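Chain residues, written in single-letter form:
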Amino acid sequence: DVAVSALLTGESTAGRSVLFWNKGEGKIKSELAEVPVLVTAVWTGASADTRALIDAVRASAAAGSILVELGKASDRGMTAWRNGDGAAVLAAAAESARLLLHLGLVSGVDIVTAEHEEISEIAGPGVVCKPSGAGGGDMALLLAMDPKEMSVAEAALREAGYLIFARLPK
């Protein structure tokens, strides 16, 4: 995290991001890519119990197929990010959020918490809210194309008492 953050704050990488993915057999690939959407990190104000979430998902008979679909949504999102297709990034993030909600429901845990739902509602329809962090609960990533919509969402969330960590520059 520290190395990537330092890399992204350098002048030569302004407005760029680092994509990592597993190529199988323990091989990890990375590359720099332009940032196709605005991304803001928001703390939900609640910590997640990662172990409890993992245990619940593992115990759910229905989780396997949802995890496969989450992987597909992630692949679509990464491909869209790499290709600079902001609309497709937002669609993949929205699909991931929907699948995480479903995963939590079939597993009997709140992966998408009440705080995530409130953050999404406050942020408004032009901003996608995707749970992130330790299996859900800790953070929400807001993604948007329109800087004005993102600024309005950030201001409304601050007003509601949420802590905005950072916005990844586009």
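Counting restarts for each chain, with residues numbered from 1 along the sequence as it is written. Totals for whole chains, interfaces and linings use all residues, but because this is a predicted model, local features are given only for residues with pLDDT of at least 70 and pairs of side-chain atoms are given and counted only at 80 or more. Where side-chain values are given, they derive from all heavy atoms of the structure, hydrogens and water being excluded.

*Asks:* Talk me through the nonpolar core; I want residue IDs and the actual numbers.
*Replies:* Membership of the largest hydrophobic core comes to 14 residues, with the highest contact counts inside it found for Val42, Ile119, Val127, Leu142, Met150 and Leu157. The helix and strand labels rest on DSSP assignments: H or I over at least four residues marks a helix, E over at least two residues marks a strand, and numbering proceeds from the N terminus. Mapped onto this core, the elements with two or more residues apiece are β3 (38–43), α5 (114–123), β5 (139–144) and α6 (147–159). If we ignore the near neighbours within four places in the chain, the residues touching Met150 are Leu38, Val39, Thr40, Val127, Leu142, Leu143, Ala144 and Arg167. What is meant by a nonpolar core is a set of buried Ala, Val, Leu, Ile, Met, Phe, Trp, Tyr and Cys residues, joined one to another through side-chain atoms within 4.5 Å. The buried label goes to any residue with under 20% of its type's maximum accessible area, the exposed label to any with over 50%, and the partly exposed label to all in between, with areas taken from a 1.4 Å probe on protein chains only. Among the nonpolar cores identified, the runner-up in size contains 13 residues, and Ala73, Leu100, Val109 and Val112 belong to it. Note on definitions: a residue-residue contact is assigned when non-hydrogen atoms from the two residues lie within 4.5 Å.

*Asks:* Would you mind going over the pairing of β3 in detail, with residue names and values included?
*Replies:* Of all six residues in β3, five are buried; the element is thus mostly enclosed. With six bridges joining them, β3 and β5 adopt antiparallel strand pairing. Counted as the bridge partner of Val42 is Ala140 from β5. The sheet contact formed by β3 and strand β6 (residues 163–168) spans five bridges and is antiparallel. By the bridge assignment for β6, Trp43 is matched with Leu163. Paired strands, in this sense, are two strands between which DSSP finds at least two bridges.

*Asks:* How would you summarise the sheet that holds β5 if you had to cite specific residues and measurements?
*Replies:* One open sheet accounts for four strands, arranged β4-β5-β3-β6; its pairing is antiparallel. Single-partner strands in this sheet number two, and they are β4 (128–132) and β6. Here the strands of the sheet are splayed against their neighbours by 25° on average, with no regard to which way each runs. Helix-sheet contacts for α6 involve β3, β5 and β6, and the interaxial angle to β6 is about 160°. Structural elements are reduced to axes, namely lines fitted to C-alpha atoms, with helices fitted over the stretch in contact, and the angle between N-to-C directions of any two is expressed from 0 to 180 degrees.

*Asks:* Residue-level account of the side chain of His116, with values.
*Replies:* Within the secondary structure, His116 sits in helix α5. A distance of 2.8 Å separates the side chain of His116 from the backbone oxygen of Met139, its partner in a polar contact. Under this definition, polar contacts are N or O atom pairs within 3.5 Å; protein pairs additionally need one hydrogen-donor-capable and one acceptor-capable atom, and for neighbouring residues in sequence, both atoms have to be side-chain atoms.

*Asks:* So what's going on with the confidence of the model for the protein? Residues and values would help.
*Replies:* Confidence of the prediction at every residue is given by pLDDT, a number between 0 and 100. Looking at the protein, pLDDT values average 84 and 78% of them are 70 or higher. Every residue in residues 1–8 scores below 50 in pLDDT, and together they form nine contacts with partners more than four places removed in sequence or on other chains.

*Asks:* Lay out the packing of helix α3 (residues 63–83) against helix α4 (residues 86–107) in plain terms, naming residues and giving numbers.
*Replies:* Across the interface, α3 lies against α4 with an axial gap of 9 Å and an inter-helix angle of 165°. By the angle class used here, α3 and α4 are roughly antiparallel. Between α3 and α4 the crossing geometry is left-handed. Mapping the contact onto sequence places Ala63, Ile66, Leu67, Glu69, Leu70, Ala73, Arg76, Gly77, Ala80 and Trp81 in α3 and Ala88, Val89, Ala92, Glu95, Ser96, Leu99, Leu100, His102, Leu103, Val106 and Ser107 in α4. Nonpolar residues are Ala, Val, Leu, Ile, Met, Phe, Trp, Tyr, Cys and Pro. Charged residues are Asp, Glu, Lys and Arg, and all others, Gly as well, are polar. Partitioned by chemical class, the residues of the contact of α3 with α4 number 14 nonpolar, four polar and three charged. Here the angle decides the label: under 35 degrees means roughly parallel, over 145 means roughly antiparallel, 65 to 115 means roughly perpendicular, and every other value means oblique. Crossing handedness follows the turn of the near helix against the far one: under a right angle anticlockwise gives a left-handed crossing, and clockwise gives a right-handed one.

*Asks:* Lay out the environment of Val106 with the relevant residues and their values.
*Replies:* With respect to the helices, strands and loops of the structure, Val106 is situated in helix α4. Val106 sits 49 residues away from Val57 along the chain, and the two C-alpha atoms are 8.2 Å apart. Aside from chain neighbours lying at most four places away, what touches Val106 is Ser60, Ala62, Ala63 and Ile66.

*Asks:* Explain helix α2 (residues 50–59) residue by residue, including any values.
*Replies:* Looking at α2, one finds that the buried residues are Leu53, Ala56 and Val57. The arc that holds the buried residues of α2, viewed along the axis, is 95°, so those residues lie on one side. Turned more than 90 degrees from where α2 packs its buried face, Arg58 and Ala59 sit exposed. Residues of α2 that are buried sit in contact with α3 and α4. It is the directions from the helix axis to the C-beta atoms whose arc is reported.

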